[in-house]
Amino acid sequence: MYFSLTEKLLSQIKYYTPDAIANLKGSAEYPLLKGKISFWQVKQGCLVLVEVEGLPQTDIICDSPIFAFHIHEGDRCSGNTGEPFADTAGHYNPQRCTHPYHAGDFPPLFSNQGWAWMSIVTNQFSLKEIIGKTAVIHRHFDDLKTQPSGNSGEKIACGVIRATWD
């Protein structure tokens with residue numbers, strides 16, 4: 001019997017309870033921005049599911065905002081007045097690859113009237129490696145070439161990745 005990748009992945013998720021989560025919160029400039037990232041360790045790598053609402057939006061139909069989404073090396077969603085999430089540091093990049101090949105580089109989030117949903121599987125890290133790191137949404141899309149972070153702009157939302165087994 002043939003099983004799709006989706007069926008194989010879902011069969012590995014026990015009771016659909018994630019192994020880790022990050023609750024996203026927007027900066028003071030984006031107080032309505034919030035979301036949740038769920039992580040499951042599966043045979044193929046790490047399954048990541050992102051649900052976000054309150055993203056900045058525009059009324060121009062052909063100009064829906066696109067936002068960079070990364071895992072960062074820092075362990076706190078704090079900073080200063082000029083950069084509220086400065087303590088997230090740079091992209092998670094244990095192999096010291098050039099951008100966009102950092103382990104923490106993800107596809108962008110496409111806004112749909114202020115909300116976004118995305119799911120990916122990555123084999124660039126194990127779940128245990130990212131516990132305590134931060135997940136960050138940037139104001140602009142990642143251009144996939146500018147070093148070291150894709151010219152993705154200010155950090156507008158952040159969440160610390162926490163194991164659900166604690």
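Preceding this section is the structure that the text describes.
In this report, the structure presented in the accompanying data block is examined. None of the values given here were measured: they were computed from a predicted structure. (Residues numbered from 1 in each chain as written. Predicted model: local features only at pLDDT ≥ 70, side-chain atom pairs only at ≥ 80, totals over all residues. Heavy atoms only, no water.)

1. Things to note about the pairing of strand S2 (residues 34-42)
And step 1. Bridging between strand S1 (residues 20-26) and S2 involves six bridges; their strand directions are antiparallel. The residue bridging leucine 24 from the neighbouring strand is glycine 35, located in S2.
And step 2. Sheet topology note: the S2/strand S3 (residues 45-53) ladder contains nine bridges and is antiparallel. Each residue of the ladder has a partner; that of serine 38, found in S3, is leucine 49. (Pairing = 2+ DSSP bridges. Helix = DSSP H or I, 4+ residues; strand = E, 2+ residues; numbered from the N terminus.)

2. Focus on the environment of glycine 79
And step 1. Tracing the chain through its elements places glycine 79 in the loop between strand S5 (69-72) and strand S6 (109-110).
And step 2. A residue is classified by how much of its surface remains accessible, and glycine 79, at 43% relative accessible area, is partly exposed.
And step 3. Glycine 79 sits 40 residues away from phenylalanine 39 along the chain, and the two C-alpha atoms are 25 Å apart.
And step 4. The contact partners of glycine 79, leaving out residues within four places of it in the chain, are Pro84, Phe85, Ala86 and Asp87. (Buried < 20%, exposed > 50% of the residue type's maximum accessible area, 1.4 Å probe, protein only. Contact = heavy atoms within 4.5 Å.)

3. A short note on the state of the cysteines
And step 1. Overall, the coordinates contain one disulfide when judged by the stated rule.
And step 2. At a sulfur-sulfur separation of 1.9 Å, the disulfide partner of cysteine 77 is cysteine 158. Negative torsions about the S-S bond denote left-handed disulfides, and the value of about -70 degrees found for cysteine 77 with cysteine 158 makes this one left-handed. Of this pair, cysteine 77 sits in the loop between S5 and S6 while cysteine 158 is found in strand S9 (residues 155-160), placing the two residues 81 residues apart along the sequence.
And step 3. With a relative accessible area of 28%, cysteine 77 lands in the partly exposed category.
And step 4. The thiol of cysteine 97 is not disulfide-bonded; the next cysteine sulfur, from cysteine 46, is found 17 Å away.
And step 5. When its relative accessible area of 31% is taken as the criterion, cysteine 97 is described as partly exposed. (Disulfide = S-S within 2.5 Å.)

4. Remarks on the pairing of S3
And step 1. The element S3 is extensively covered by neighbouring structure, given that seven of its nine residues are classed as buried.
And step 2. Counted between consecutive antiparallel strands, the loop separating S2 from S3 contains two residues.
And step 3. Two strands pair when backbone bridges link them, and S3 and strand S7 (residues 116-122) are joined in this way by seven bridges, in the antiparallel orientation. Each bridged residue has a counterpart across the sheet, and for cysteine 46 the counterpart in S7 is threonine 122.

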